[in-house]
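# Fold and contact review
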Amino acid sequence: YDDRDGTIWMDGRMVDWRDANVHILTHALHYASSVFEGERAYGGNIFLSRKHSERLHASAKSMDFEIPFTVDEIEAAKQQVLAANGLSDAYIRAVAWRGAGPDMGVASQRNPVRLAIAAWEWGSYYGDAKMKGARLDIAKWKRPAPETAPYTAKAAGLYMICTMSKHAAEAKGCSDAMMFDYRGYVAEATGANIFFVKDGEVHTPKPDCFLNGLTRQTVIGLLQDRQVKVNERHIMPEELEGFQQCWLTGSAAEVTPVGQIGDYNFEVGALTRDMSQAYEALVRA
Ligand code: PMP
């Protein structure tokens, strides 16, 4: 993964894949002072590219650092990375972080802020679960309260909970984990938002302590186009039993049907398939 051909954009320069390294005293490695984006290009076009670059800037700002490149510069850099690597359908990862410098304590004002952008081919995030419906475990870790961390930021630190939950899920043969929030309401999966269907209406957790994903917002738009009622609200765990369909949304996950969460089963129904196909058509439009 680090020993391969390719080119990565780092701090304004194109660097050989093997040389795209950071120093061991990088602040972000010790204190999670890092924010990132995950996006996909379809036929060379990055879906909602500018919104991702703007979110990267906003995430950095909420962690009290400024990315030393404008949104326009990030947009150009992403295109440069796709072109340099000859990619048209690809996953794009931008990451900004506090680098190594004179400050090695918690404070890090004097260390440079770094930015890198890499891209590679990445097929279905959940493999063949995309067709059959993914199996989800129920995570023991909860999304934290909004006053404990900037939950609107796509910040590396918030992902320690996700990685632990996803590893536990995979150890049980599941594709992912569904997490509850600090109050016990249904929140999201470890890298994707969640939707449910009951009697023709859609229910999705209100994003008041987790990322309001760009794919989530896109899919809500698609549902509204079809006059499907979308209820954004707090969802209790005991409601899972009454839902008929379920899917996940994310830039990497796209629209992935869910077949099972813990002991609850869902059908890959018509609305789920419609959303998956409509999203696929939209990103390539
Ligand atoms: N929640 C989490 C924890 C995520 O990592 C992601 C993926 N970025 C999402 C939700 C979905 O966000 P988006 O649709 O903007 O990719």
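Criteria and thresholds
Residues numbered from 1 in each chain as written. Predicted model: local features only at pLDDT ≥ 70, side-chain atom pairs only at ≥ 80, totals over all residues. Helix = DSSP H or I, 4+ residues; strand = E, 2+ residues; numbered from the N terminus. Rg over C-alpha atoms; globule rule 2.2 N^0.38 Å. Buried ≥ 20, exposed ≤ 12 C-beta atoms within 10 Å, placed from the backbone. Contact = placed C-beta atoms within 7 Å. pLDDT = per-residue confidence, 0-100. Pairing = 2+ DSSP bridges. Axes fitted to C-alpha atoms, helices over the stretch in contact; angles between N-to-C directions.

### Focus: the overall build of the protein
Helix and strand counts for the protein come out as seven helices and 15 strands. The C-alpha atoms of the protein give 19 Å as radius of gyration, which agrees with the globular expectation for 285 residues (19 Å, within 12%). The C-alpha extent of the protein, read off along each of the three principal axes, is 55 × 40 × 35 Å. The buried share of the protein, reckoned over its 285 residues, is 40%. Residue pairs at least 24 apart in sequence account for 68% of intrachain contacts in the protein once pairs closer than 6 positions are excluded.

### Quick word on the confidence of the model for the protein
Residues of the protein with pLDDT of at least 70 account for 100%, and the chain-wide mean is 97. Here the prediction assigns the complex a pTM of 0.97, and the interface score ipTM is 0.99.

### Section: the sheet that holds strand β6 (residues 113-120)
Pairing is antiparallel in the open sheet, where six strands are placed in the order β2-β1-β6-β5-β3-β4. The open sheet has two free edges, formed respectively by β2 (13-16) and β4 (45-46), since each of these has just one partner strand. Here eight bridges tie strand β3 (residues 34-42) to strand β5 (residues 90-98), and the two strands are oriented antiparallel to one another. Note on β5: the bridge partner recorded for Glu-37 is Ala-94. Taken strand by strand, helix α2 (residues 49-62) contacts β3, β4 and β5, and its axis lies near 175° from that of β3. Helix α3 (residues 71-84) contacts β1 (7-10), β2, β3, β4, β5 and β6 of the sheet and is inclined by roughly 40° relative to β6.

### Here's the deal with unusual backbone geometry
One non-glycine residue, Asp-11, adopts positive backbone phi at about 50°. Of the residues examined, Asp-11 has 13 C-beta atoms within 10 Å and is grouped as partly exposed. In this model, Ala-32 sits at a positive phi of 60°, which is unusual for a non-glycine residue. Accessibility expressed as a C-beta count within 10 Å gives 17 for Ala-32, which makes it partly exposed.

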